[in-house]
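Chain by chain, the residues run as shown.
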Amino acid sequence: MSDQLVRAISRDGAVKAVAVSTRGLTERARQIHKTLPVATAALGRTLAAASMMGNALKGDGASVTLQIKGGGPLGTLLAVSDNEGNVRGTVDNPAVDLPLRPDGKLDVGAAVGSEGTLTVIRDLNMKEPYVGSVGLLGGEIAEDLAAYFVESEQIPTACGLGVLVDRDQSVLAAGGYLIQLLPGASEDTISKVEGGILAAGSVTGLLRESDDPEALLYRVLSDFDLEILERSDVEYRCYCSRERMERALLSIGREELRALIDEKGEAELTCRFCDNVQHFNRQDLEAMLASLEKKEEKI
């Protein structure tokens, strides 16, 4: 089954929820960035979270960016989602390898670090994007994201994220859920949500049973009568192009571009989010330089 995202609301109007299965897009990220398991898990969790948050945005061209700087050996984690939930991402140090935790699980918290921040940037095509930031609790990402919603947006939130890596380092399962209380939710509602999460167990365990995010929501929110609002496919999607890379080269300015032509006679640019490589030969660069000079003459 392709990666999918499902949105739901409880019929009593107390809870809204979203869940996503992201095995395919996480495996794509692993192949692009050549991540070792702990980096695969950290980046995969971040991509799943970004997908769920991005899909909630209204308006074409809107996007959400998650940036995690925890001070750990992985460096900065970055994930960007469009308003449909399609994502792309990077990790500074994909080859980090750490011992497993005593319980046999990947030590994502140590790899990410906890001395830093989670920053959320929502670009809604307005003058300035909305930026919110919170200190990390432990670097495991799910609880950090829940804390962000409580602190920055005053929305009581439960979050579960998981990535299961196979012995050959490929991705067996990946995804997550966000559950949020709506205004007026009672203490009984909170107890039912907490009880359901505890009874359901880990995200990766649920996804191994079924990679259908709707099934995940029904398990976690088993005490609620849910109405499914939306189901959509999501994927690893980069918006890079030769034209964008050409603009990046133009942005270095006339003198730098001339020096590049004189010293190397060519340029090769690789997208930081995907494996797209574009080669610009001397003729390409000279045409770009000519266009810059022509613009400056007009000014």
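The preceding data block contains the structure.
Let me sum up the structure you'll find in this document. (Residues numbered from 1 in each chain as written. Predicted model: local features only at pLDDT ≥ 70, side-chain atom pairs only at ≥ 80, totals over all residues. Heavy atoms only, no water.)

Overview of the overall build of the protein chain
- Of regular secondary structure, the protein chain possesses 10 helices and 12 strands.
- Among the 299 residues that make up the protein chain, the fraction classed as buried is 49%.
- Put simply, of all contacts in the protein chain between residues at least 6 apart along the chain, 64% involve residues at least 24 apart.
- Taken as a whole, the protein chain presents about 14600 Å² of accessible surface, with 48% of it coming from carbon and sulfur. (Helix = DSSP H or I, 4+ residues; strand = E, 2+ residues; numbered from the N terminus. Buried < 20%, exposed > 50% of the residue type's maximum accessible area, 1.4 Å probe, protein only. Contact = heavy atoms within 4.5 Å. Areas by Shrake-Rupley, 256 points an atom, 1.4 Å probe, with all protein chains shown as cover.)

Side note on the sheet that holds strand β6 (residues 117-123)
- On the basis of which strands lie adjacent, the open sheet formed by 5 strands has the order β5-β4-β3-β6-β7 and antiparallel pairing. Looking at which strands have only one partner, the edges of the open sheet turn out to be β5 (87-91) and β7 (130-135). Each strand of the sheet is rotated relative to its neighbour by a mean of 10 degrees, with strand direction disregarded.
- Pairing of strand β3 (residues 63-69) with strand β4 (residues 76-82) involves 7 bridges; the strand directions are antiparallel. Opposite T65, over in β4, you have V80 as the bridge partner.
- Most of the contacts of helix α4 (residues 142-153) go to β7, to which it runs at about 120 degrees, and overall it touches β6 and β7. (Pairing = 2+ DSSP bridges. Axes fitted to C-alpha atoms, helices over the stretch in contact; angles between N-to-C directions.)

Thoughts on the environment of Y130
- Checked against the element boundaries, Y130 lands in strand β7.
- Separated by 10 residues in sequence, Y130 and V120 have C-alpha atoms that sit 8.0 Å apart.
- Filtering out sequence-adjacent residues up to four positions away, Y130 remains in contact with V120, I121, R122, Y148, S152 and E153.

A look at the pattern of salt bridges
- Summed over all chains, the structure comprises 16 salt bridges.
- Where D103 meets R101, a salt bridge forms, and the shortest distance between an N and an O atom there is 2.6 Å.
- Overall, R101 belongs to the partly exposed group, its relative accessible area being 24%.
- Taken together, the shared-partner salt bridges connect R45, R101, D103 and E140 into one network. (Salt bridge = Lys/Arg side-chain N within 4 Å of Asp/Glu carboxyl O.)

Things to note about α4
- The first and last C-alpha atoms of α4 sit 16 Å apart over 12 residues, in line with the 16 Å expected at 1.5 Å per residue.
- For α4, the set of buried residues is A142, D144, L145, A146, A147, Y148 and F149. (Expected span 1.5 Å × (residues − 1).)

A look at the environment of D97
- Note that D97 resides in the loop between β5 and α3 (108-112).
- Taking relative accessible area as the criterion, D97 reaches 61% and is therefore assigned exposed.
- Each C-alpha atom, one on D97 and one on A29, is 17 Å from the other, the two residues being 68 residues apart in sequence.

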